[in-house]
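What the coordinates show
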Amino acid sequence: MVRAAYEQPRLRNLYPGVSHGIMFFKQGDGLSGDPVGGYVYPREDGRFWVRGPLGVGSLGEVDTLEEAFALVVASLPEGGE
């Protein structure tokens, strides 16, 4: 997952986190930074569900990690890296 996320230039400036198989990103120092963008959840069927930032809801279900991280990038605030 981390390698696929790194392919997105805007995600390279954020700190990735993984908890219970769910990948997310933070700004700041990585420990106390605020979460930004969406959360990528692997599904049992091999697809991925992307939840938006808090209060946004689902961004969609996709077939590949590349598509999932593209949705995460699209959910980032402008100038938010």
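Residues numbered from 1 in each chain as written. Predicted model: local features only at pLDDT ≥ 70, side-chain atom pairs only at ≥ 80, totals over all residues. Heavy atoms only, no water.

Turning next to the environment of Pro42. Tracing the backbone shows Pro42 in strand β3 (residues 35-42). The partly exposed category is assigned to Pro42, whose relative accessible area is 43%. In this structure the C-alpha to C-alpha distance between Pro42 and Met23, which are 19 residues apart in sequence, comes to 9.0 Å. (Helix = DSSP H or I, 4+ residues; strand = E, 2+ residues; numbered from the N terminus. Buried < 20%, exposed > 50% of the residue type's maximum accessible area, 1.4 Å probe, protein only.)

Let us look at the environment of Arg43. Here Arg43 lies in the loop between β3 and β4 (48-51). Along the primary structure Arg43 and Val62 are separated by 19 residues, whereas in three dimensions their C-alpha atoms are 10.0 Å apart. In contact with Arg43, not counting residues within four places along its chain, are Phe48, Trp49 and Glu61. A distance of 2.6 Å separates the side chain of Arg43 from the side chain of Asp45, its partner in a polar contact. (Contact = heavy atoms within 4.5 Å. Polar contact = N/O pair within 3.5 Å; in protein donor to acceptor, adjacent residues only side chain to side chain.)

Time to look at the side chain of Lys26. The topology assignment puts Lys26 in strand β2 (residues 22-26). Those residues in contact with Lys26 that sit more than four places away from it in its chain are Leu14, Tyr15, Leu31, Gly33, Asp34, Pro35 and Val36.

In the structure shown here, the tally under the stated rule is 4 salt bridges. The residue Asp45 makes a salt bridge to Arg43 at a minimum N-O spacing of 2.6 Å. Glu61 is the salt-bridge partner of Arg47, the closest N and O atoms lying 3.4 Å from each other. On the criterion of sequence distance, the pair formed by Arg47 in the loop between β3 and β4 and Glu61 in strand β5 (residues 58-62) is long-range, its members being 14 residues apart. Salt bridges sharing partners connect three or more residues here, namely Arg43, Asp45, Arg47, Glu61 and Asp63. (Salt bridge = Lys/Arg side-chain N within 4 Å of Asp/Glu carboxyl O.)

Aromatic ring pairs are reported here in terms of the distance separating the ring centres and the angle at which the planes meet. Going through the model one piece at a time under the given rule, you end up with 3 aromatic pairs. With centroids separated by 6.0 Å and ring planes inclined at 35°, the aromatic side chains of Phe24 and Tyr39 adopt a geometry described as tilted. With Phe24 in strand β2 and Tyr39 in strand β3, the pair connects residues that are 15 residues apart, well separated along the chain. Since its relative accessible area comes to 13%, Tyr39 is described here as buried. For the ring pair Tyr41 and Trp49, a centre distance of 4.7 Å and an interplane angle of 45° mean the geometry is tilted. We classify Trp49 as partly exposed; its relative accessible area is 26%. Above the face of the Tyr6 ring, Arg12 is positioned so that its terminal group lies 4.6 Å from the ring centre. (Phe/Tyr/Trp six-rings, centres within 6.5 Å; stacked < 30°, edge-to-face > 60°. Lys NZ or Arg CZ within 6 Å of the ring centre and 35° of its normal.)

So, to be careful, I would describe these as geometric facts and stop short of saying anything about function.
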